[in-house]
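What follows is the residue order along each chain.
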Amino acid sequence: MKVAIIGVGEISKLHINALIQAGEQIVALCDIIPSKCELANKEFSLNAKIYADYKKMLADEDIDAVHICTPHYLHAEMVINALNKNVNILCEKPLAISLTELDEIEVAVKNSTAILGVCQQNRYNDASRFAKTYFSDKKITSAYGSLIWKRDADYYNSGIWRGKKATEGGGVMINQALHTLDMLQWITGMPISVVATTNNHALKNVIDVEDTAFGIFKIDDERNFVVTATNSAKYSFPIVLGFASENDVMQITMDNVILNGNFYVKKDGTSVIGKEVWGTGHVKLIKDFYNKLSKGEKFPIDFYEASKVVKLILALYSSNGNEIFIK
Ligand SMILES: NC(=O)c1ccc[n+]([C@@H]2O[C@H](COP(=O)([O-])OP(=O)(O)OC[C@H]3O[C@@H](n4cnc5c(N)ncnc54)[C@H](O)[C@@H]3O)[C@@H](O)[C@H]2O)c1
């Protein structure tokens, strides 16, 4: 299929690699810094047409799909413009940074013939899938997710959009810990409310968003899950997820699963491209997206699925220690 990419920064390399592996044709690249597109053309031996204006690219190019790999505040606008042109979309997370944006995307989804998929690739990790299947016929009573990472001033200074409410939409929760929260709700079920706090402990003069977040998500009156996330560490530790049901306790970190004291490694040999913490899910997700597209099948992480974690994060942000009900 003919594919275009908007935003040729860090994560785009992974998309380009995965598209090449999947046998798709990258016909156009767009970045407000066009030299990034030239470099990508060289690095990956592409012959893609280069654009600085994504609207011109959408108007001029006859493409089957577009990948949106831009800063968070641009996702909704770009998704809506592509949907209005009936171009299939794979958008990087988060789908949106406000409820208003979600509402606007929903209208565009309903009026479009295009498919919208979102890169919440950890759902494709073997260990995550194992947990999802294992607990599918069991009632999880409690769960937790813990993300302890290093994101210092150098990281935040590497992109003008990072660390700012207006352009990133938040800090550790909406960027780094989005996948952790998505895993918890995907495996455990969508919560009804949250009590949470956010704080900036270690990056006060660097970012205007939280470097640390803690939330207790109520699934029902008896059951909950807890998420704790910080960018203030001096090392990015592997994320840990834990799930408990009446008879089972499972902990997951990377490809490793400890289930009721027994240790398992769950991986299918897909190699990691880019940062180890991004996992192997992107390649599998991108292959699945094109596979579904070619067969005219529904892609599982669609507008409604991707909206769930955005709603949870926005509720967590508005909590300030109070119980917020999730709409
Ligand atoms: N799924 C994951 O695990 C994962 C991992 C890393 C990043 N991401 C997501 O990918 C997205 C991009 O992150 P990144 O780290 O690659 O950021 P980045 O800053 O390295 O890249 C963003 C690129 O977008 C370009 N850009 C900005 N405005 C544009 C516009 N109007 N038109 C075209 N291009 C424009 C920038 O010049 C830059 O090259 C974010 O949403 C981020 O959360 C996801």
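It should be noted that the structure appears before, not after, this text.
Residues numbered from 1 in each chain as written. Predicted model: local features only at pLDDT ≥ 70, side-chain atom pairs only at ≥ 80, totals over all residues. Heavy atoms only, no water.

Draft legend 1. Representation of the overall build of the chain in the model. Looking only at helices and strands, one finds 11 helices and 15 strands in the chain. Its C-alpha radius of gyration of 19 Å places the chain within 12% of the 20 Å reference for a compact globule of 327 residues. Seen through its principal axes, the chain has C-alpha atoms that stretch 55 × 45 × 40 Å. Looking at the chain as a whole, 54% of its 327 residues are labelled buried. In the chain, once contacts between residues fewer than 6 apart in sequence are set aside, the share between residues at least 24 apart is 67%. About 14600 Å² of surface is accessible on the chain, with carbon and sulfur atoms providing 51% of the total. Of the side-chain charges in the chain, 35 are positive and 38 negative, and the distance between the mean point of each set is 1 Å. (Helix = DSSP H or I, 4+ residues; strand = E, 2+ residues; numbered from the N terminus. Rg over C-alpha atoms; globule rule 2.2 N^0.38 Å. Buried < 20%, exposed > 50% of the residue type's maximum accessible area, 1.4 Å probe, protein only. Contact = heavy atoms within 4.5 Å. Areas by Shrake-Rupley, 256 points an atom, 1.4 Å probe, with all protein chains shown as cover. Lys, Arg positive; Asp, Glu negative; His and termini not counted. Charge placed at Lys NZ, Arg CZ, Asp CG, Glu CD.)

Draft legend 2. Representation of the packing of helix α6 (residues 126-134) against helix α9 (residues 178-188). Look at α6 against α9: their axes get within 9 Å of each other, and the N-to-C directions meet at 25°. The pairing of α6 with α9 is recorded here as roughly parallel in orientation. Between α6, through S128, A131 and K132, and α9, the contact on the second element is made entirely by M183, W186 and I187. Split by residue class, the contact of α6 with α9 holds four nonpolar, one polar and one charged. (Axes fitted to C-alpha atoms, helices over the stretch in contact; angles between N-to-C directions. Parallel < 35°, antiparallel > 145°, perpendicular 65-115°, else oblique. Nonpolar A, V, L, I, M, F, W, Y, C, P; charged D, E, K, R; others polar.)

Draft legend 3. View of the sheet that holds strand β7 (residues 140-148). Read across the open sheet, the nine strands follow the order β14-β13-β12-β11-β7-β10-β9-β8-β15; overall the sheet is mixed. The sheet is open, and its two edges are formed by β14 (262-265) and β15 (323-325), each paired on a single side. Each neighbouring strand pair of the sheet contributes to a mean axis angle of 15°, computed without reference to strand direction. Inspection of the sheet shows strand β11 (residues 240-245) paired to strand β12 (residues 249-253) by five bridges, in the antiparallel sense. Among the inter-strand pairings, F243 is bridged to a residue of β12, identified as M250. Against the sheet, α6 contacts β11, β12 and β13 (256-259), and its axis sits at roughly 165° relative to β12. In this fold α9 packs onto β7, β9 (212-218), β10 (224-230) and β11, with an angle of close to 170° to the strand it touches most, β7. (Pairing = 2+ DSSP bridges.)

Draft legend 4. Expanded view of the site of the ligand. Around the ligand sit 27 residues, and of these D31, K36, H72, K93 and Q121 come closest. Between K36 and the ligand, the recorded distance is 2.8 Å, taken from a side-chain N or O atom to an oxygen atom. The fraction of the free accessible surface of the ligand (850 Å²) that becomes covered by protein chains is 90%. Cavity membership is defined here by more than half of the atoms lying within 2 Å of grid points; on that basis the ligand lies in the largest pocket. Residues of the shell around the ligand, tallied by class, amount to 12 nonpolar, nine polar and six charged. Domain assignment of the residues forming the shell around the ligand places at least three in each of domain 1 (2-121) and domain 2 (123-270 + 303-325). (Near = heavy atom within 4 Å. Polar contact = N/O pair within 3.5 Å; in protein donor to acceptor, adjacent residues only side chain to side chain. 1 Å grid on protein atoms, 1.4 Å probe; cavity = no way out; pocket = protein on both sides within 12 Å on 5 of 7 lines; lining within 4 Å. Sits in = over half its atoms within 2 Å of the grid points. Domains from an automatic or database assignment.)

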